[in-house]
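So the chains spell out like this:
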Amino acid sequence: IFVAFLVIFFGVASFMSVVMSKRAMVPITNAFTRQREFVADASHELRTPLSVIMSSIDAMEMTIEPVPEENFVRKMLLNMRQEVKRMTNLVGDLLTLARSDSNTIETKMETFDFRPLAGKALESVSPLAASKQIALEMHAPDTLTATGDPQRLSQLLYILLDNAIKYTANGGEVCLTLSKGESQLCLQVQDTGIGIKPEDQGHIFERFYRADKSRSRQMGGHGLGLSIAKWIVETHGGTIQLTSEIGKGSTFTIRIPIQSTWVSGTGSYVN
Ligand code: ADP
């Protein structure tokens, strides 16, 4: 009787714990899905009014007479432009991450020459580098055939180069090195910037994490760039690594397998 009692007791207890855990899991999963959909819908809806505000700022700037830089209206329009641009970037990044969570971004894999793509990424950040007298360099073989999503890989380079410039003092250096091994493509973005503290290094790929909040905000950052960079690397089946020393600079190294295979339904590639 005692043994039968124990069997029944533990049987009922384990059945109850399975039921309870399932009951607890369903609302959490639903809540997560709903939250993700909310972020995606809200970001999507915010894009149109933001672009209308931006066009209105353009129109207002064109209609005001040429006025000195310290003119109040001109200063206000400049502030508005900066904040709308910041918000547009934030909304775009939120939408990318929400879509990446639900695997609804289609990755378009192509085989292409990586060098011109890297050249364009450098070109797009060169005005920012020039404004800080930062020397931009690229080391790469003449041709570098790679397989990946060109649009996402450009975005990845842009995020890393933009950060490298943002977090490097005037007169510093930023270098992009591309190389190809037997089975992987290696991209390295190196800067002579402020560096990242060891205690922050493990967190900087987390969403909204900023090692130096005031500096990041001042630079127009909101802590989502590296989360997107990590997601792009992972969808290509690759890895991203950081080495950094305070006051000396940081190096981000990305390795992407040359032969990757699409894993249907997972939204990612594996080698
Ligand atoms: P943000 O938009 O704030 O730059 P990111 O996700 O791109 O957001 O980066 C997260 C944080 O990592 C930044 O706020 C900054 O503190 C730090 N960081 C990123 N790249 C660098 C770098 N090259 N040098 C120093 N700090 C960096």
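Since the structure is predicted, the reported quantities are computational estimates derived from the model, not experimental observations.

Asks: Looking at this model, I keep getting lost on a nonpolar patch on the surface. Mind explaining?
Replies: Taken together, the side chains of F72, V73 and M76 present a nonpolar region at the surface, about 290 Å² in accessible area. Summarising the element assignment, F72 is placed in helix α2 (residues 72–101).

Asks: I'm lost on the pairing of strand β4 (residues 173–180) in this one. Help?
Replies: Strand residues, when the strand is regular, have side chains that alternate between the two faces of the sheet. Bridge analysis of strand β2 (residues 135–139) against β4 gives five bridges, and the strand direction is parallel. Counterpart to L136 in the pairing with β4 is V174. As consecutive antiparallel partners, β4 and strand β5 (residues 184–191) are separated by three residues.

Asks: Sorry if this is basic, but what is going on with the pattern of salt bridges here?
Replies: Once the charged atoms of two side chains with opposite charge are near each other, the side chains can pair. Summed over the entire model, instances satisfying the criterion amount to seven salt bridges. Note that E234 is salt-bridged to K230, the shortest N-O span being 3.2 Å. In this pair, E234 and K230 are both assigned in helix α7 (residues 225–235), four residues apart and thus about one turn of the helix distant. Put simply, D58, E61 and R81 are held in one network by salt bridges that share partners.

Asks: I tried to follow the site of the ligand on my own but got confused; where do I start?
Replies: The environment of the ligand is formed by 22 residues, the closest being N163, Y167, D191, S216 and L226. The contact in question runs from a nitrogen atom of the ligand to an N or O atom on the side chain of D191, over 2.9 Å. In this structure, an oxygen atom belonging to the ligand sits 3.0 Å away from a main-chain N or O atom of A211. Secondary-structure elements contributing two or more residues to the shell around the ligand are α4 (150–166), α7 and β7 (249–257). Of the residues in the shell around the ligand, the class split is ten nonpolar, eight polar and four charged.

Asks: Help me understand the sheet that holds strand β6 (residues 239–245) in this model?
Replies: Note on sheets: strands pair through backbone hydrogen bonds, and any given pair is parallel or antiparallel. Strand order in this open sheet of five strands is β2-β4-β5-β7-β6, and the pairing throughout is mixed. Of all the strands in the sheet, the pair left with one neighbour each is β2 and β6. Strand-to-strand, the axes of this sheet are offset by a mean angle of 10°, without reference to chain direction. Judged from the seven bridges that link them, β5 and β7 form a sheet pairing that is antiparallel. Bridge pairing in β7 links Q190 to T251.

Asks: Help me understand the pairing of β5, please; the structure alone is not making it clear to me.
Replies: When β4 meets β5, the two strands line up antiparallel, connected through seven bridges. Opposite T177, over in β5, you have Q188 as the bridge partner.

Asks: Where do I start with the packing of aromatic side chains in this structure?
Replies: Geometry of an aromatic ring pair is reported as the spacing of the ring centres plus the angle between the planes. Tallying each qualifying case throughout the model produces two aromatic pairs. Consider the rings of F112 and F114, whose centres lie 5.9 Å apart with planes at 25°: the pair is stacked. The class for F112 is buried, based on a relative accessible area of 13%. The class of F114 is buried, set by a relative accessible area of 0%. Look at F205 and F252: their rings are 6.3 Å apart centre to centre, the planes differ by 85°, and that puts the pair in the edge-to-face class. Here the residue F205 occupies a position in the loop between α5 (198–201) and α6 (213–218), and F252 occupies one in strand β7, the gap between them amounting to 47 residues. Here F252 falls in the buried class, since its relative accessible area comes to 7%.

Asks: How do you make sense of the nonpolar core when you look at a structure like this?
Replies: The nonpolar side chains of a soluble globular protein tend to be buried, and buried together. Judged by nonpolar contacts, the single largest core of 42 residues is most densely connected at F114, L156 and F252. Contributions of two or more residues to this core are made by α3 (114–131), α4, β4, β5, α7, β6 and β7. In terms of residue count, the dominant contributor to this core is α4 (eight residues). With near-sequence residues (within four places) excluded, L156 lies in contact with L187, A229, I232, V233 and I254. M54, I57, L77 and V91 belong to the second-largest nonpolar core, a separate cluster that totals six residues.

Asks: Sorry, what's going on with α7 here?
Replies: The α-helix advances 3.6 residues per turn, and as a result positions three or four apart in sequence lie on the same side. A large share of α7 lies buried, amounting to eight of its eleven residues. Within two residues after α7, G237 carries a phi angle of roughly 70°, on the positive side.

Asks: Please clarify how the state of the cysteines should be interpreted in this entry.
Replies: Between two cysteines, a covalent bond joining their sulfur atoms is known as a disulfide. Summed over the entire model, instances satisfying the criterion amount to zero disulfides. We note that C175 lacks a disulfide partner, and the nearest cysteine sulfur, in C186, lies 12 Å from it. Note on C175: relative accessible area 14%, which makes it buried. For C186, a relative accessible area of 16% translates into the label buried.

Definitions and cut-offs
- Residues numbered from 1 in each chain as written.
- Predicted model: local features only at pLDDT ≥ 70, side-chain atom pairs only at ≥ 80, totals over all residues.
- Heavy atoms only, no water.
- Patch = residues over 30% accessible without salt bridge, like charges linked within 9 Å, V, L, I, M, F, W, Y side chains within 5 Å.
- Areas by Shrake-Rupley, 256 points an atom, 1.4 Å probe, with all protein chains shown as cover.
- Salt bridge = Lys/Arg side-chain N within 4 Å of Asp/Glu carboxyl O.
- Helix = DSSP H or I, 4+ residues; strand = E, 2+ residues; numbered from the N terminus.
- Pairing = 2+ DSSP bridges.
- Near = heavy atom within 4 Å.
- Polar contact = N/O pair within 3.5 Å; in protein donor to acceptor, adjacent residues only side chain to side chain.
- Nonpolar A, V, L, I, M, F, W, Y, C, P; charged D, E, K, R; others polar.
- Axes fitted to C-alpha atoms, helices over the stretch in contact; angles between N-to-C directions.
- Phe/Tyr/Trp six-rings, centres within 6.5 Å; stacked < 30°, edge-to-face > 60°.
- Buried < 20%, exposed > 50% of the residue type's maximum accessible area, 1.4 Å probe, protein only.
- Core = buried A, V, L, I, M, F, W, Y, C linked by side-chain atoms within 4.5 Å.
- Contact = heavy atoms within 4.5 Å.
- Disulfide = S-S within 2.5 Å.

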